[in-house]
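Residue-level structural notes
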Amino acid sequence: MIVDNKLLHVLSGGKPAKPPIWFMRQAGRYLSEYRQLREQAGSFWNLCFTPELAAEVTLQPLRRFDFDAAIIFSDILIIPHALGQHVEFLPNHGPWLEELDFLAIFKIWQDQTYLSKLQSTLQALQIVKQNLHLHQALIGFSGAPWTLATYMLNLRKAHQFESVLSLLTTKPQEVSQLLELLTDVVAIYLIEQLKNGADVVKIFDSWAGVVPIEARDELLLKPLMKIVSQIRETFPKAPIIYFGREISDYYPTIIKNISNLTLAFDQFVEPIQIRDQFQTVIPVQGNLDPALLLQGGDELTRATQNLLDVLGKGSYVFNLGHGILPQTPVNHVQHVIDLVRQT
Ligand code: CP3
């Protein structure tokens with residue numbers, strides 16, 4: 001079964017002749033069929049919270065490109081939303097969150113009422129699972145506690161290192177309580193996704209790069225270790241992918257402390273470094289620059305070929321270093337897939 005499924009094969013250390021391929025944000029605005037359903041649904045949350053629609057949007061890119069994996073259509077901000085913090089997606093402004101009322105979310109966490117708001121994603125997973133071919137894997141996901149906290153505390157404008165530092169010194173108690181709560185919720189949510197059909201889970205730590213180096217152990221590693229060990233109590237062999245954006249210099253510490261993790265790389269690391277420093281120890285995923293995918297042309301071909309030449313012989317999942325940009329032409333996506341499949 002695992003050998004039939006390229007992604008699962010690679011995540012357990014296999015080295016198929018051609019790497020599996022999927023793209024971060026493979027469902028989304030660069031696809032006309034997505035834009036059409038998104039308009040019919042009226043809002044992004046309506047898409048996410050209607051299991052049939054979320055399943056349909058998840059499957060759209062697989063129909064078009066026969067990717068080796070589906071990633072369930074949802075958003076990392078479903079967790080703050082489920083915890084009662086108001087989240088909106090304003091056109092061209094990115095996500096907006098109301099000011100955090102810590103006591104209110106603490107109560108919702110204790111009562112566990114947030115779980116009912118996550119059910120539609122679990123149902124969507126079940127629907128997608130029934131519609132996948134054996135060779136396609138299903139990926140569930142969550143934001144990492146730190147990244148969720150940066151959104152919930154509105155910390156992320158312009159890489160605010162200073163505000164992170166001052167928050168850590170002025171309100172250490174609040175930050176650690178919030179992280180503890182989120183660590184618990186993320187672990188439960190990922191376990192539920194595995195129970196409902198996900199073959200793999202991915203943890204997005206997109207704002208890891210703003211954490212001061214001396215606080216990484218506490219804010220990034222500790223929550224991740226807890227989540228992984230909690231998942232493995234229920235699913236000892238569940239493949240887990242971690243994406244820590246702009247912290248590849250910290251990846252060696254993560255590997256030392258957590259075994260059997262697959263690491264996803266952003267586009268700021270050289271493929272040769274990924275091969276020599278990491279691929280000898282763990283499976284790796286990444287890291288084509290989404291700006292090149294948008295741009296196309298010879299440079300895209302060269303960068304894709306380089307990734308295949310350098311990483312293609314080891315345990316490797318072909319992917320981007322970050323999400324597909326909405327203006328990306330679909331023929332560029334097809335071009336990369338053709339290159340990956342013809343090697
Ligand atoms: O195809 C997939 O990858 C699955 C779905 C998915 C979405 N968001 C859909 C989405 C996944 C895995 C995410 C993860 C996510 N969301 C991350 C982690 C990865 C990363 O990009 O670093 C983060 C930081 C978010 C938060 C978020 N949600 C942002 C920054 C935005 C974009 C806002 C904008 O308008 O550009 C969203 C909204 C969002 N999530 C969209 C999609 C397809 C676009 C909303 C729309 O269609 O109107």
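Refer to the structure presented above.
Residues numbered from 1 in each chain as written. Predicted model: local features only at pLDDT ≥ 70, side-chain atom pairs only at ≥ 80, totals over all residues. Heavy atoms only, no water.

1. With respect to the overall build of the protein chain
Along its length, the protein chain carries 17 helices and nine strands. Against the compact-globule benchmark of 20 Å for 343 residues, the protein chain has a radius of gyration of 19 Å, which places it among compact chains. Projected onto its principal axes, the C-alpha coordinates of the protein chain cover approximately 55 × 45 × 40 Å. Contacts in the protein chain between residues far apart in sequence, at least 24 positions, make up 74% of those at least 6 positions apart. Of the roughly 14900 Å² of accessible surface on the protein chain, 52% is carried by carbon and sulfur atoms. In the protein chain, 28 positive and 34 negative side-chain charges are present, and the distance between their average locations comes to 4 Å. (Helix = DSSP H or I, 4+ residues; strand = E, 2+ residues; numbered from the N terminus. Rg over C-alpha atoms; globule rule 2.2 N^0.38 Å. Contact = heavy atoms within 4.5 Å. Areas by Shrake-Rupley, 256 points an atom, 1.4 Å probe, with all protein chains shown as cover. Lys, Arg positive; Asp, Glu negative; His and termini not counted. Charge placed at Lys NZ, Arg CZ, Asp CG, Glu CD.)

2. Considering the sheet that holds strand β4 (residues 137-143)
Spatial ordering of the open sheet is given by β1-β4-β5-β6-β7-β8-β9, a layout of seven strands whose pairing is parallel. Looking at the sheet topology across the chains shown, the edges are occupied by β1 (69-71) and β9 (316-320). Neighbouring strand axes in the sheet, compared pairwise and without regard to direction, differ in orientation by 25° on average. Of the pairings in the sheet, the one linking β4 to strand β5 (residues 200-205) comprises five bridges and is parallel in character. Looking across to β5, one finds that F141 is bridged to K202. (Pairing = 2+ DSSP bridges. Axes fitted to C-alpha atoms, helices over the stretch in contact; angles between N-to-C directions.)

3. Details of the packing of aromatic side chains
Under the definition given, this model contains 18 aromatic pairs. With a centroid separation of 5.6 Å and 85° between ring planes, the pair formed by F141 and F204 is classed as edge-to-face. Residue F141 is found in strand β4, and its partner F204 is found in strand β5; the two are separated by 63 residues along the sequence. Just as F141 is buried, F204 falls in that class too. Here the basic side chain of K202 rests over the ring of F243, its NZ or CZ set 5.2 Å away from the ring centre. (Phe/Tyr/Trp six-rings, centres within 6.5 Å; stacked < 30°, edge-to-face > 60°. Buried < 20%, exposed > 50% of the residue type's maximum accessible area, 1.4 Å probe, protein only. Lys NZ or Arg CZ within 6 Å of the ring centre and 35° of its normal.)

4. Remarks on the site of the ligand
Around the ligand there are 22 residues in total, and R25, Y34, D75, S206 and H322 lie nearest to it. Measuring from an oxygen atom of the ligand, one finds a backbone N or O atom of Q26 at 3.2 Å. Residue A27 places a main-chain N or O atom 3.1 Å away from an oxygen atom belonging to the ligand. Looking at side-chain class alone, the shell around the ligand contains 13 nonpolar, five polar and four charged residues. (Near = heavy atom within 4 Å. Polar contact = N/O pair within 3.5 Å; in protein donor to acceptor, adjacent residues only side chain to side chain. Nonpolar A, V, L, I, M, F, W, Y, C, P; charged D, E, K, R; others polar.)

5. Let's talk about helix α12 (residues 216-234)
Between its first and last C-alpha atoms α12 spans 27 Å; for 19 residues at 1.5 Å apiece the expected length is 27 Å, and the two agree. Along α12, the sharpest change in direction is near 25° and occurs at K222; proline P223 comes one to four residues later. Along α12, the residues that are buried comprise R216, L219, L220, L221, P223, L224, I227, V228, I231 and R232. (Expected span 1.5 Å × (residues − 1). Bend = angle between axes of the 7 residues up to and from the residue.)

6. Here we look at the environment of Q130
Structurally, Q130 can be placed in helix α8 (residues 119-130). It is 25 Å that separates the C-alpha atoms of Q130 and P16, two residues lying 114 residues apart in sequence.

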